[in-house]
There are 2 protein chains.
Amino acid sequence: MSLKPLSLKELAERLGLSPATVSLVINNSRVADSIPQETKDRIFAAARKYKYRPNFFARSLRAQRSFTVGVMVPEVSDGYSASVMSGIEDFLLQEGYFYFVVSHRHRADLIDEYPRLFLERSVDGLIAVDTPWSLSLKIPVVTVSGHNQVKGVTNVVLDHVQAAEVAIEHLVQLGHRQIAFIKGQVFSSDTEVRWSNIERAAGQFGIPIGRSLVAQLEGDSASPDLGYEAAERLLKSRKPFTALFAFNDISAMGAIQALREAKLRVPEDVSVVGFDDIQSAAYQNPALTTVRQPLREMGSIAAETLLRRIRRPEGEGCNNGEITIQPKLIVRGTTCRAKNPIPSKRATVFSN
Amino acid sequence: MSLKPLSLKELAERLGLSPATVSLVINNSRVADSIPQETKDRIFAAARKYKYRPNFFARSLRAQRSFTVGVMVPEVSDGYSASVMSGIEDFLLQEGYFYFVVSHRHRADLIDEYPRLFLERSVDGLIAVDTPWSLSLKIPVVTVSGHNQVKGVTNVVLDHVQAAEVAIEHLVQLGHRQIAFIKGQVFSSDTEVRWSNIERAAGQFGIPIGRSLVAQLEGDSASPDLGYEAAERLLKSRKPFTALFAFNDISAMGAIQALREAKLRVPEDVSVVGFDDIQSAAYQNPALTTVRQPLREMGSIAAETLLRRIRRPEGEGCNNGEITIQPKLIVRGTTCRAKNPIPSKRATVFSN
DNA sequence: AGAGGTTACTAAAACGCTTTTCTACGGTTT
DNA sequence: AAACCGTAGAAAAGCGTTTTAGTAACCTCT
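Criteria and cut-off values
- Residues numbered from 1 in each chain as written.
- Chains lettered and ligands numbered in written order.
- Predicted model: local features only at pLDDT ≥ 70, side-chain atom pairs only at ≥ 80, totals over all residues.
- Helix = DSSP H or I, 4+ residues; strand = E, 2+ residues; numbered from the N terminus.
- Rg over C-alpha atoms; globule rule 2.2 N^0.38 Å.
- Buried ≥ 20, exposed ≤ 12 C-beta atoms within 10 Å, placed from the backbone.
- Contact = placed C-beta atoms within 7 Å.
- Nonpolar A, V, L, I, M, F, W, Y, C, P; charged D, E, K, R; others polar.
- Near = placed C-beta within 6 Å.
- Core = buried A, V, L, I, M, F, W, Y, C linked by C-beta atoms within 7 Å.
- Least-squares fit on C-alpha atoms with pLDDT ≥ 70 in both.
- Pairing = 2+ DSSP bridges.
- Axes fitted to C-alpha atoms, helices over the stretch in contact; angles between N-to-C directions.
- pLDDT = per-residue confidence, 0-100.
- Expected span 1.5 Å × (residues − 1).
- Right-handed = clockwise from strand over helix to strand, strands pointing away.

K.L.:
Can you help me understand the overall build of chain A in this one?
P.N.:
Counting secondary structure elements, chain A contains 12 helices and 12 strands. Here the C-alpha atoms of chain A give a radius of gyration of 26 Å, more than 25% beyond the 20 Å that 2.2 N^0.38 yields for 352 residues. C-alpha extents for chain A along the principal axes are approximately 90 × 40 × 35 Å. Looking at chain A as a whole, 46% of its 352 residues are labelled buried.

Quick look at the structure:
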């Protein structure tokens, strides 16, 4: 039992063949067609016997391919990124690719530096999750929830038009007219689209959005505290509201806490809708009504798209541009009929 | 502006020097001591100007080092693994290492295969999180919550003696004597130690552990459902209990749901203690009392230990064996005084 | 018998770097 | 003047593959 993995050369030597032949056979290249089956068998048998494993670096050096992709997320330990990663991983590993992960924690210097480090490591492509992206690289790039149109990058995005509509429609149908909103942090890549579509949908349903009914998340922690603080600001303005649409589930959880501490019951006094449907959303008490982003699926679609582009470099059917994913409203326990429901004509128009 | 990154040879050519010299200077080897500063400056300037980046594969091929480690977790998207990974990443990146992640989802074939794949990719070391480990490899291995004594692997573990004691002491001091338990899945690497220490601590405090007050988690999902079902089994046995100590926060959340559905209030009728203190624990309603494992810290200690071992291969101070981390009881809203508290002499003995 | 075609391989270059060994040269000692 | 030394750098081997371009031996056909 040799401890060191043996090289192609050594294997060839033991076989009394040249490294070239062995390599050709093992990679079953066309050139090896003329090699008799018997010899091939001998080679495979020896490879198995000596547990031959081609050296990855040598191979990558030669082929200029690493079978590795880079994944950038704001923070591995937040539920959103983690779910997307899970989908990415699923697809990637099954195709023989590995991936590096880095968390940039929204630090501009890291967002700048990590792509360089990835390039240095010769990744074959990269995926940026919830990360503002404006670089055009020579390797394929796919973003999840990126909204910039950049040459060479494909964005996998939620259908935000739908997302805003289903959420607002749900609240309107429950009779809510005074709806407060928690807007995402400025650095979150979904903030803008999400918000503009909320404004659009609210307009469609004839819901007014007053300045004092909007609070923006501040700070880059992934904790519900941010939502708590935002809700506090909302409450402080004393403008009444019967429903709250939060930027994400995490902030919804914090907001619910704040509402409770202000002696408002959820959902009896205030209905709350979250966004994302992270795992713990279903296990809140009461369980959170939310707009589901199929994060895992988005991850695996991103990975699939990336691999396709790696394999068929910028040819026909190259999917630069956008891939849109449908959201789904998950109604659970944090929304209910408004106490003094105001029927909305528009709502019925849209509910057919 | 050249698009292709240029090689050392090309850089040397532009400088009118040999590749050897440039390499020596750039890696500031001792051999380059005799090279005048002026030349060195020229080299550095050119490197910067042409954005020279050494090819990673060539370098790794030569040096037989990859500056990459492998990380195995049950599932990236579960909060436990994610927190540990976050700590691992912190330390690793700052030291210039990257890491591959794989989720084995407790599938035995994957637990078997992934280490091989890592080896094939020439990782310099590997970290296994909450994963049964029995392999002795030629690269350093560090586990987080691994409990097997294996040559060449260092285990970073929680002090389970303490963990069981603080939790049970807390409940006993609140007057609980009838305590139910949810035990971990058989495949979870902490299940055994955790349980034996609970038995020990319960013994110390004179708490009887009846068969029908113990339910074991079943199934490999990371969802609270498992805890829900376990709690249902506990309830079905009709043996009364005033407190429940769950295997982890996730199962505690599910259990709380089950208790509520059985018209038991938490904490008034049943106090619940979780384990781990994952992020969402603090945002339950009421917030979960739990035994905190400093997961992030455990991750970064694991990474630190691994790098130390990679750098100083099996020499003096090689930390094979165990590194123990202290847990901390976080008292929040799911525990309170038992309705008919039974004072425990032992409890007071231990509370000094 | 010589041209041409297969068959079964091999030699050698290339990928981009590191590192050890070597050289050439000017200056200093003895 | 011969021996020695420090300086400044170059040559070359080697890491483990893959791949292109051969080549030697044999066979077939006319």
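K.L.:
What's the story with the interface of chain A and chain B in this structure? I'm lost.
P.N.:
How big an interface is tends to be expressed through the accessible area that disappears when the partners come together. On the chain B side, the residues contacting the 35 residues of chain A number 35 residues. Elements with a minimum of two residues in the side of chain A that touches chain B: helix 4 (56-63), helix 5 (79-94), strand 2 (98-103) and helix 10 (249-261) of chain A. Looking at the side of chain A that touches chain B residue by residue, the class counts come to 17 nonpolar, 12 polar and six charged.

K.L.:
Before we go on, may I ask you to explain the protein's contact with DNA strand D in this structure?
P.N.:
Within the structure, DNA strand D sits among 28 residues, and A:L8, A:A20, A:N55, A:A58 and B:A20 are positioned closest to it. Those elements giving two or more residues to the surface near DNA strand D turn out to be helix 1 (8-15), helix 2 (19-26) and helix 4 of chain A together with helix 2 (19-26) and helix 4 (56-63) of chain B. For the surface near DNA strand D, a count of residues per class yields 15 nonpolar, nine polar and four charged.

K.L.:
Teacher, can you tell me more about the nonpolar core here?
P.N.:
It is characteristic of soluble globular proteins that their nonpolar side chains tend to be buried jointly. In terms of nonpolar packing, the biggest core is built from 171 residues, with A:V71, A:I127, A:A255, B:V71, B:I127 and B:A255 touching the most fellow members. Among all residues touching B:I127, those that are not within four sequence positions of it are B:V69, B:V71, B:I88, B:V142, B:V144, B:A302, B:A303 and B:L306. Counting six residues, the second-largest nonpolar core is a separate cluster that includes A:F56, A:F57, B:F56 and B:F57.

K.L.:
Looking at this structure, how should I read the protein's contact with DNA strand C?
P.N.:
With respect to spatial proximity, 28 residues lie near DNA strand C, and among them B:S7, B:L8, B:A20, B:N55 and B:A58 are the closest. Counting only elements with at least two residues in the surface near DNA strand C, the list comes to helix 2 and helix 4 of chain A together with helix 1 (8-15), helix 2 and helix 4 of chain B. Broken down by element, the surface near DNA strand C gets its largest block of residues, five residues, from helix 4 of chain B. Looking at side-chain class alone, the surface near DNA strand C contains 15 nonpolar, nine polar and four charged residues.

K.L.:
Is there a simple way to explain the relation of the copies chain A and chain B in this structure?
P.N.:
One chain copy maps onto the other through a rotation about an axis and a shift parallel to that axis. By a simple turn and slide, chain A fits onto chain B: the slide is 0.1 Å along the axis, the RMSD is 0.1 Å, and the turn is 180 degrees. Look at the turn and shift together and you get a two-fold axis relating the two. Most of the interface of chain A is mirrored in chain B, where 97% of its interface residues are also at the interface.

K.L.:
What is the right way to look at the sheet that holds strand 6 (residues 179-183) of chain A in this model?
P.N.:
Within a beta sheet, neighbouring strands are joined by backbone hydrogen bonds and run either parallel or antiparallel to one another. Residue and element names in this part refer to chain A. Spatial strand order, 7-6-8-9-10-12: six strands in an open sheet with mixed pairing. The outermost strands of the open sheet, each flanked by one partner alone, are strand 7 (214-216) and strand 12 (328-330). Mean inter-strand twist for the sheet, computed between neighbouring axes without regard to direction, equals 20 degrees. Of the pairings in the sheet, the one linking strand 6 to strand 7 comprises three bridges and is parallel in character. Looking at strand 7, one finds that K183 is bridged to Q216.

K.L.:
Could you clarify how one ought to interpret the confidence of the model for chain A in this entry?
P.N.:
Low pLDDT marks regions whose predicted coordinates should not be analysed in detail. Confidence in the prediction for chain A averages 92 pLDDT; 94% of positions are at 70 or higher. When the criterion is pLDDT under 50, residues 345-352 of chain A qualifies, and its contacts beyond four places in sequence or with other chains add up to 10 contacts.

K.L.:
Explain the pairing of strand 1 (residues 68-73) of chain A to me, please; I cannot follow it from the model alone.
P.N.:
Residues in a regular strand project their side chains so that they alternate between the two faces of the sheet. Residues and elements named next belong to chain A. Counting buried positions along strand 1 gives six out of six residues, so the element sits mostly inside the fold. On strand 1, burial covers both faces: T68, G70 and M72 on one face and V69, V71 and V73 on the other are all buried. Here strand 1 pairs with strand 2 via six bridges, running parallel. Paired with V73 across the two strands is S103, which belongs to strand 2. Note that strand 1 and strand 3 (residues 125-129) share four bridges and pair parallel.

K.L.:
Help me understand the environment of A:F100 in this model?
P.N.:
Mapped onto the elements of the fold, A:F100 is located in strand 2. A count of 21 C-beta atoms within 10 Å places A:F100 in the buried class. It is 8.4 Å that separates the C-alpha atoms of A:F100 and A:M72, two residues lying 28 residues apart in sequence. Residues contacting A:F100, with those up to four places away along its chain left out, are A:T68, A:G70, A:V71, A:F118, A:R121, A:V123, B:F98, B:Y99 and B:F100.

K.L.:
I keep staring at the sheet that holds strand 9 (residues 271-276) of chain B and nothing clicks. Help me out?
P.N.:
Residues and elements named next belong to chain B. Ordered in space as 7-6-8-9-10-12, the six strands form an open sheet in which the pairing is mixed. The two strands at the open ends of the sheet, each matched to only one other strand, are strand 7 (214-216) and strand 12 (328-330). Neighbour to neighbour, the strand axes of the sheet diverge by 20 degrees on average, direction disregarded. Both strand 10 (residues 289-292) and strand 12 contribute to a ladder of three bridges, which runs antiparallel. Following the sheet pairing, V291 is matched in strand 12 by L329. Helix-sheet contacts for helix 10 (residues 249-261) involve strand 6 (179-183), strand 8 (243-245), strand 9 and strand 10, and the interaxial angle to strand 9 is about 155 degrees.

K.L.:
Explain unusual backbone geometry here, please?
P.N.:
Across residues other than glycine, the phi torsion is negative in most instances, and most of the peptide bonds are trans. Residue and element names in this part refer to chain A. For the peptide bond that leads from V266 to P267, omega is 10 degrees, which places it in the cis range. Counting through the fold element by element, P267 comes out in the loop between helix 10 and strand 9 (271-276). For the bond from N285 to P286, the omega torsion is -5 degrees, close enough to zero to count as cis. Tracing the chain through its elements places P286 in the loop between strand 9 and strand 10 (289-292). At S122, a residue that is not glycine, the phi angle is positive and equals roughly 55 degrees. Summarising the element assignment, S122 is placed in the loop between helix 6 (108-120) and strand 3.

K.L.:
So what exactly am I meant to see when it comes to helix 7 (residues 160-173) of chain B here?
P.N.:
Counting along an α-helix, one turn takes 3.6 residues, and residues three or four places apart therefore face a common direction. With 14 residues, helix 7 of chain B should cover 20 Å at 1.5 Å per step; its first-to-last C-alpha distance of 20 Å lies within 8% of that length. For helix 7 of chain B, every residue scored as buried is listed here: B:H160, B:A163, B:A164, B:E165, B:V166, B:A167, B:I168, B:H170, B:L171 and B:V172.

K.L.:
Is there a simple way to think about the environment of B:Y97 in this case?
P.N.:
All names here are of chain B. When you line up the elements, Y97 lands in the loop between helix 5 (79-94) and strand 2 (98-103). Given 21 C-beta atoms within a 10 Å radius, Y97 is considered buried. Remark: the alpha-carbon pair of Y97 and D124, spanning 27 residues in sequence, is separated by 9.6 Å.

K.L.:
How should the pairing of strand 6 of chain A be read in this particular structure?
P.N.:
All names here are of chain A. With respect to burial, strand 6 is a largely interior element, five of its five residues being buried. Residues I179, F181 and K183 of strand 6 are buried on one face, and the alternating residues A180 and I182, pointing to the opposite face, are buried as well. Strand direction decides the pairing type here: strand 6 and strand 8 (residues 243-245), joined by three bridges, are parallel. Note on strand 8: the bridge partner recorded for A180 is L244. You can see the chain leave strand 6, run along helix 8 (residues 191-204) and come back into strand 7, and the turn it takes is right-handed.

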